[in-house]
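# Tertiary structure, described
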Amino acid sequence: MKYLHAMIRVKDLDQALDFFCNKLGLKETRRHDHPEGRYTLVFLSELDANSPEIELTYNWDQPSAYTSGRNFGHLAFEVDNIYETCANLQAKGVIINRPPRDGRMAFIRSPDLISIELLQKGKSLEIAEPWKSMSNTGEW
C-alpha cells in the first residue's frame, strides 16, 4: 500500500494555489477540469518522485465557504529551519497561529482554514525571540 494524497475542498482556487504554491512552495503536478461535473482537481507536491500529494477540489458552483470538521486534523510539513520558514511566511502575509516557541513546531492555516503543521527537521532549534514570547493567534 502506498499513501497517495489528502483531498481538500477549496472555495477560491486561485487563493488556495497562491497559498500552497507561492507561500508554501509546493508545485502543481497536474490538473483535471470536469465541466460535466462542474469541478476542477489540482494536485500539488514538492516534486520528489515519492512525495505524497495534496488534491485541491474546486467545485465551481460552491456558494459559501466549507465548514471545518473536527474529524480532519492537519497537514504536516518538515522544514529545514522553522524560524526562517515562519519569518518568510509572515512576510508573505500568513498568520502564524501557533508560533515555534519550542524551536520545533508551528501551525498556520490555509485560506480555507485547513491547519498546517510545520515541524523542524532533526533536533529542535535553540529557543529564540521573537518566537519565544509570541502568543497564539486564533485557532490552529
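It should be noted that the structure appears before, not after, this text.
This report concerns the structure included in the present document. Everything numeric here is computed off the predicted structure, so don't read it as measured data. (Residues numbered from 1 in each chain as written. Predicted model: local features only at pLDDT ≥ 70, side-chain atom pairs only at ≥ 80, totals over all residues. Heavy atoms only, no water.)

Take the pattern of salt bridges next. Across all of its chains, the model carries 5 salt bridges by this definition. Residue K23 is joined to D18 by a salt bridge in which the shortest nitrogen-to-oxygen separation is 2.9 Å. Judged by its relative accessible area of 28%, D18 falls in the partly exposed class. For E53, the salt bridge goes to R30, with nearest N and O atoms at 2.8 Å. Note that E53 is positioned in strand 4 (residues 53–59) and R30 in strand 2 (residues 27–34), a separation of 23 residues in sequence. Classification of R30 by relative accessible area gives partly exposed; the value is 35%. (Salt bridge = Lys/Arg side-chain N within 4 Å of Asp/Glu carboxyl O. Buried < 20%, exposed > 50% of the residue type's maximum accessible area, 1.4 Å probe, protein only. Helix = DSSP H or I, 4+ residues; strand = E, 2+ residues; numbered from the N terminus.)

By size, the foremost hydrophobic cluster in this structure holds 28 residues, and its most contacted members are F20, L56 and L118. Of all the secondary-structure elements, those providing two or more residues to this core are strand 1 (5–10), helix 1 (13–23), strand 3 (39–45), strand 4, strand 5 (75–79), helix 2 (82–91), strand 6 (105–109) and strand 7 (115–120). Broken down by element, this core gets its largest block of residues, 6 residues, from helix 1. Apart from the residues within four sequence positions on either side, L118 is in contact with F77, V79, I82, T85, C86, L89, R104, M105, A106 and I108. (Core = buried A, V, L, I, M, F, W, Y, C linked by side-chain atoms within 4.5 Å. Contact = heavy atoms within 4.5 Å.)

For helix 2, every residue scored as buried is listed here: I82, Y83, C86 and L89. On an axial view of helix 2, the arc spanned by its buried residues comes to 130°, and they lie on one face. What points out from helix 2, more than 90 degrees from its buried face, is the exposed set E84 and A91. On the buried face of helix 2, the contacting elements are helix 1, strand 5, strand 6 and strand 7. Two to three positions downstream of the cap, the backbone nitrogen of Y83 sits 3.0 Å from a side-chain oxygen, assigning the N-cap of helix 2 to N81. Just downstream of helix 2, G93 is the residue with a positive phi angle, here 90°. (Arc of directions from axis to C-beta. Polar contact = N/O pair within 3.5 Å; in protein donor to acceptor, adjacent residues only side chain to side chain.)

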